[in-house]
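One-letter residues, chain by chain:
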Amino acid sequence: MGDGKVYTLAEVSQHSNPKDCWLVIDGKVYDVTKFLDDHPGGDDVLLSATGKDATDDFEDVGHSTSARAMMDEFYIGEIDSATIPSKVKYTPPKQPHYNQDKTSEFIIKLLQFLVPLIILGVAVGIRFYTKSA
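Participant: Explain the overall build of the protein to me, and be specific about the residues and the numbers.
Facilitator: Assigned secondary structure in the protein consists of 5 helices and 5 strands. Listed by position from the N terminus, the elements making up the protein come as β-α-β-β-β-α-α-α-β-α. Going through the 133 residues of the protein one by one, you find that 21% of them count as buried. A sequence separation of at least 24 residues applies to 69% of the contacts in the protein between residues at least 6 apart. If you sum the accessible surface of the protein, you get close to 10300 Å²; carbon and sulfur atoms cover 60% of it.

Pasting the structure below:
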């Protein structure tokens, strides 16, 4: 078990390779280097979670209680929460403002559809009327 040392995210980020791999989960720092070969999801999963707060990645998988208990042997300290960037709130991209002057374009498109239909209707009407006479 670790000595409760406090690490910054920059310090933890330096340990992000197969020979030296540290993770941050729930505010705690774990040296999982010895566990890379034994991890059921493979070492790539752990390596991809380095250099950041991996809590969400860990929770999304739904680890068993035995997996959570196993974490204690890899614990080496705490993370300085001030060094973890706050989550960025999603802001949707700006939409162009609706221009009401474009209604004339709508009328033009409507007329481009209706005028041929009216001409076709008149032609069919004339044809029908002249045949019956």
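Participant: Can you lay out the pairing of strand β5 (residues 75-79) for me, pointing to particular residues and giving the numbers?
Facilitator: Burial of β5 is extensive: 4 of the 5 residues sit out of reach of the surface. Judged from the 3 bridges that link them, strand β1 (residues 5-7) and β5 form a sheet pairing that is parallel. From the neighbouring strand, Val6 faces β5, where its bridge partner is Glu78. Inspection of the sheet shows strand β4 (residues 28-31) paired to β5 by 3 bridges, in the antiparallel sense. Directly across from Val29, in β5, lies its bridge partner Gly77.

Participant: Please set out the packing of aromatic side chains residue by residue, giving values where relevant.
Facilitator: Pairs of aromatic rings are described using the distance from one ring centre to the other and the angle between the two planes. In this structure the tally under the stated criterion is 3 aromatic pairs. On the basis of an interplanar angle of 45° and a centroid distance of 5.4 Å, the ring pair of Phe35 and Phe74 is categorised as tilted. Of the two residues, Phe35 is situated in the loop between β4 and α2 (43-48) and Phe74 in the loop between α4 (65-70) and β5; the sequence distance between them amounts to 39 residues. As far as the burial class goes, Phe35 and Phe74 line up, both buried.

Participant: Before we move on, could you go through the side chain of His15 and cite the residues and values that matter?
Facilitator: Here His15 shows up in the loop between α1 (9-13) and β2 (16-17). When its relative accessible area of 16% is taken as the criterion, His15 is described as buried. Among the polar contacts listed, one links the side chain of His15 to the side chain of Asp20, at a separation of 2.3 Å. Apart from the residues lying within four places of it in its own chain, the contact partners of His15 are Asp20, Cys21, Trp22 and Thr50.

Participant: Got a sec to walk through the pairing of β4? Specific residues and values, please.
Facilitator: Each regular strand displays side chains that alternate between the two surfaces of the sheet. Looking at chain direction, strand β3 (residues 20-25) and β4 are connected through 4 bridges and run antiparallel. Bridge pairing in β4 links Val24 to Val29.

Participant: Tell me what's going on with the sheet that holds β5, and back it up with residues and numbers.
Facilitator: The strand order β1-β5-β4-β3-β2 describes an open sheet built from 5 strands, whose pairing is mixed. The open sheet is flanked by β1 and β2, the only strands paired with a single partner.

Participant: Any details on the pattern of salt bridges? Residues and values, ideally.
Facilitator: This structure, assessed with the given rule, holds 2 salt bridges. Here Asp57 and Lys52 are joined by a salt bridge, their closest N and O atoms 3.0 Å apart. The exposure class assigned to Asp57 is partly exposed, which follows from its relative accessible area of 33%. On the basis of relative accessible area, Lys52 is assigned to the partly exposed category, the value being 34%. The shortest N-O distance in the salt bridge between Arg68 and Glu59 comes to 3.0 Å.

Definitions and cut-offs
- Residues numbered from 1 in each chain as written.
- Predicted model: local features only at pLDDT ≥ 70, side-chain atom pairs only at ≥ 80, totals over all residues.
- Heavy atoms only, no water.
- Helix = DSSP H or I, 4+ residues; strand = E, 2+ residues; numbered from the N terminus.
- Buried < 20%, exposed > 50% of the residue type's maximum accessible area, 1.4 Å probe, protein only.
- Contact = heavy atoms within 4.5 Å.
- Areas by Shrake-Rupley, 256 points an atom, 1.4 Å probe, with all protein chains shown as cover.
- Pairing = 2+ DSSP bridges.
- Phe/Tyr/Trp six-rings, centres within 6.5 Å; stacked < 30°, edge-to-face > 60°.
- Polar contact = N/O pair within 3.5 Å; in protein donor to acceptor, adjacent residues only side chain to side chain.
- Salt bridge = Lys/Arg side-chain N within 4 Å of Asp/Glu carboxyl O.

That's the geometry; what it means functionally is another story.
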